[in-house]
Amino acid sequence: MKNGKCSAVAACLAVAAFACFHLLGVQAGQQPQQSDQNRVIQNLRAFAKIYGYVKYFHPSDEASDTDWHKFAVLGVAAVKTAMDQEELETRLRELFLPIAPTMRLYRSGRKPTGPVLHSPEDPSGLKTVAWQHLGIELGRSRTYSSKRINRKSKSPAGDEDESEKLFDKVPAIGECIEAKVSLGLHCQIPLALYSDQESTLGSTGDYPFQALKKRLSQIVLDKLPADDEDVRFANLIIAWNVFQHFYPYFDVVKVNWESVLTKSLRETKESSGTKEFYDVMRRLVEKLQDGHGGVYFPDMMPSGRFPVQLDWVENQLVVVYAGDSKNLRRGDIIRSFDGILAERALKDIEQFISGSPQWKRSVSTVRRVGAGEIGTVIRLLIQRGDQEFEVEVERVDYADVQKSKDRLIEQIEEGIYYVNLTTATMDEIDSRMKSLAKAEGVIFDLRGYPRGGNHEVLQHLITEPVTSARWNKPQVIYPDQKNLVGYDTSGRWQLTPKEPTLRGTIIFLTNARAISYAESIMGIVEHYHLAEIVGQPTAGTNGNVNPFKLIGGYRINWTGMKVLKHDGSQHHLIGIRPTVGVRRTIKAVREG
């Protein structure tokens with residue numbers, strides 16, 4: 001980086017820091033000692049809890065008009081240096097009351113008496129403003145929505161409208177969040193406010209919002225380095241709150257998410273630089289056990305991959321497709337990578353992969369193991385028959401690894417057809433549909449992700465209309481996923497029969513590489529008994545992804561809806577189970 005750019009970044013940080021300290025009366029050089037790490041973590045926990053409550057559930061105009069990424073950076077800088085509980089409480093008030101003037105902070109045993117919100121003597125003509133979330137809208141989305149009813153405001157997608165209700169139930173005046181946010185400190189935050197034609201009511205003017213907004217305008221996010229400690233803490237707090245309030249699978253994923261916050265804050269404090277924090281965030285998302293879950297940062301994505309295709313076969317890492325490799329053959333067993341035992345290498349990778357055990361092993365073997373920069377060399381210990389020897393191979397572009405000799409559609413013997421749903425297009429399948437309809441049997445290969453539109457093949461297997469599994473978008477008006485209103489179940493596939501109908505024996509091949517869209521297809525096959533399912537369980541992750549961006553170039557993917565099987569039973573982590581379980585063998589791999 002050139003000195004001029006360094007200076008610009010430093011100047012920006014200095015302005016932001018000055019704004020933070022000026023706002024909250026922090027003296028220059030007042031930094032916590034290493035021995036006070038627990039106090040820093042508890043301060044940040046308190047800020048993180050209130051941050052999520054106010055951002056997603058307090059319906060004031062001020063909260064709707066706040067840049068919450070900037071506010072996260074500002075708040076982290078302010079609270080982490082608070083030296084005791086009294087100072088922390090003061091700084092939290094100065095941060096949040098300009099945005100949520102009706103919020104109350106109080107110590108244990110000193111709960112305020114009287115109504116949460118002082119109502120006007122005559123509330124006629126006033127409207128009740130409150131948040132409704134269908135999932136959570138984190139950007140432009142046709143699937144998820146967040147609306148502040150009865151008030152014109154900008155949605156997360158940037159649209160401005162007076163929102164109609166997303167569903168019937170809304171918080172009533174007087175309902176509030178009552179929560180403990182740190183040792184001895186509690187908050188009380190109204191979930192509904194009155195509004196007139198001008199604004200939501202409740203501001204006293206004691207903590208002017210415009211002064212806070214001016215200070216936020218001095219923070220330029222694009223110029224904040226991703227490895228700055230305040231940015232790292234802010235990103236963690238933003239992400240943790242999304243999952244705390246909206247991740248739909250905590251009923252089946254047994255994890256103490258509150259403890260994850262504390263542990264992740266501590267790891268962030270102890271991390272140094274982007275790489276270590278990237279690992280902190282990956283461990284956070286791994287705890288969700290969400291096959292869609294992932295953390296993406298451009299500088300951390302290796303460009304090169306292992307030059308052959310691998311699979312976990314008979315508890316060994318085996319080459320299943322060698323392509324044009326001069327050193328490796330189909331059926332070779334890889335014992336180690338650069339001196340690290342193969343299974344140890346896979347487990348080191350899988351600690352950062354979110355999802356079911358079968359999905360983790362699939363991703364680690366197929367995509368991740370041996371990854372690095374294109375052109376770099378990796379040293380392997382290979383077993384071939386009774387011999388063990390070392391070879392060196394060069395990492396290549398991942399796209400080249402994917403170019404295998406997979407078949408599309410072919411007749412494999414008289415009257416028996418094979419259709420690869422991961423490579424053949426629906427147009428290609430339609431062009432052969434008459435032949436498939438006359439066949440004695442058709443094998444559909446769905447060991448992976450299907451081409452778009454290939455679910456239409458199901459319409460040639462049915463004689464009556466069918467629907468997809470239950471796609472449930474959570475209806476949320478309360479924090480911490482308490483008292484969930486219910487689910488919006490619209491959007492399910494409604495498939496009707498198409499001619500010609502395939503009358504022969506139908507088989508679907510599948511395994512853990514079948515995820516999401518593939519599992520929507522396989523769920524219909526399973527429930528309506530349309531075919532034998534041969535192979536291994538699918539990934540156990542379905543539902544629309546709901547990505548969001550963080551400061552400094554990070555992006556996070558996760559599943560925003562709850563998918564259940566047709567009968568209402570659990571799909572997540574379980575997947576679609578085969579009716580005929582079959583495992584690969586090394587002998588079969590060698591024989592092709």
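Before any of the text, the structure's been laid out above.
Note that the structure is predicted; figures quoted are calculated from it, not measured. (Residues numbered from 1 in each chain as written. Predicted model: local features only at pLDDT ≥ 70, side-chain atom pairs only at ≥ 80, totals over all residues. Heavy atoms only, no water.)

**Some thoughts on helix α10 (residues 342-350)**
Next up, step 1: Along α10, the residues classified as buried are Ala342, Ala345, Leu346, Ile349 and Glu350. All buried residues of α10 lie within an arc of 135° about the axis, which places them on one face of the element.
Next up, step 2: Of the surrounding elements, those touching the buried residues of α10 are α9 (274-286), β11 (309-313), β12 (316-321), β13 (333-337), β14 (340-341) and α11 (357-368). (Buried < 20%, exposed > 50% of the residue type's maximum accessible area, 1.4 Å probe, protein only. Helix = DSSP H or I, 4+ residues; strand = E, 2+ residues; numbered from the N terminus. Arc of directions from axis to C-beta. Contact = heavy atoms within 4.5 Å.)

**Section: the pattern of salt bridges**
Next up, step 1: Under the criterion given, the structure shown has 29 salt bridges.
Next up, step 2: A salt bridge links Arg39 to Asp36, with the nearest nitrogen and oxygen atoms 3.0 Å apart.
Next up, step 3: A salt bridge links Arg379 to Glu390; the nearest nitrogen and oxygen atoms lie 3.3 Å apart. With Arg379 in strand β15 (residues 377-384) and Glu390 in strand β16 (residues 387-394), this pair connects stretches of sequence that are 11 residues apart.
Next up, step 4: One network of salt bridges, in which partners are shared, links Lys80, Glu229, Asp230 and Lys269. (Salt bridge = Lys/Arg side-chain N within 4 Å of Asp/Glu carboxyl O.)

**Notes on the side chain of Thr538**
Next up, step 1: Turning to its location among the elements, Thr538 is positioned in the loop between β26 (532-535) and β27 (548-549).
Next up, step 2: Discounting residues that sit within four places of it in the chain, Thr538 has contacts with Gln358, Thr510, Asn511, Ala512, Ala514, Glu519, Met522, His571, Ile574, Gly575 and Ile576.

**Digging into the environment of Glu410**
Next up, step 1: Looking at the secondary structure, you find Glu410 in strand β18 (residues 409-413).
Next up, step 2: The class of Glu410 is partly exposed, set by a relative accessible area of 28%.
Next up, step 3: Sequence separation between Glu410 and Ala469 is 59 residues; the distance between their C-alpha atoms is 31 Å.
Next up, step 4: If near-sequence neighbours (up to four positions away) are discounted, Glu410 is found in contact with Ile416, Tyr417, Tyr418 and Arg432.

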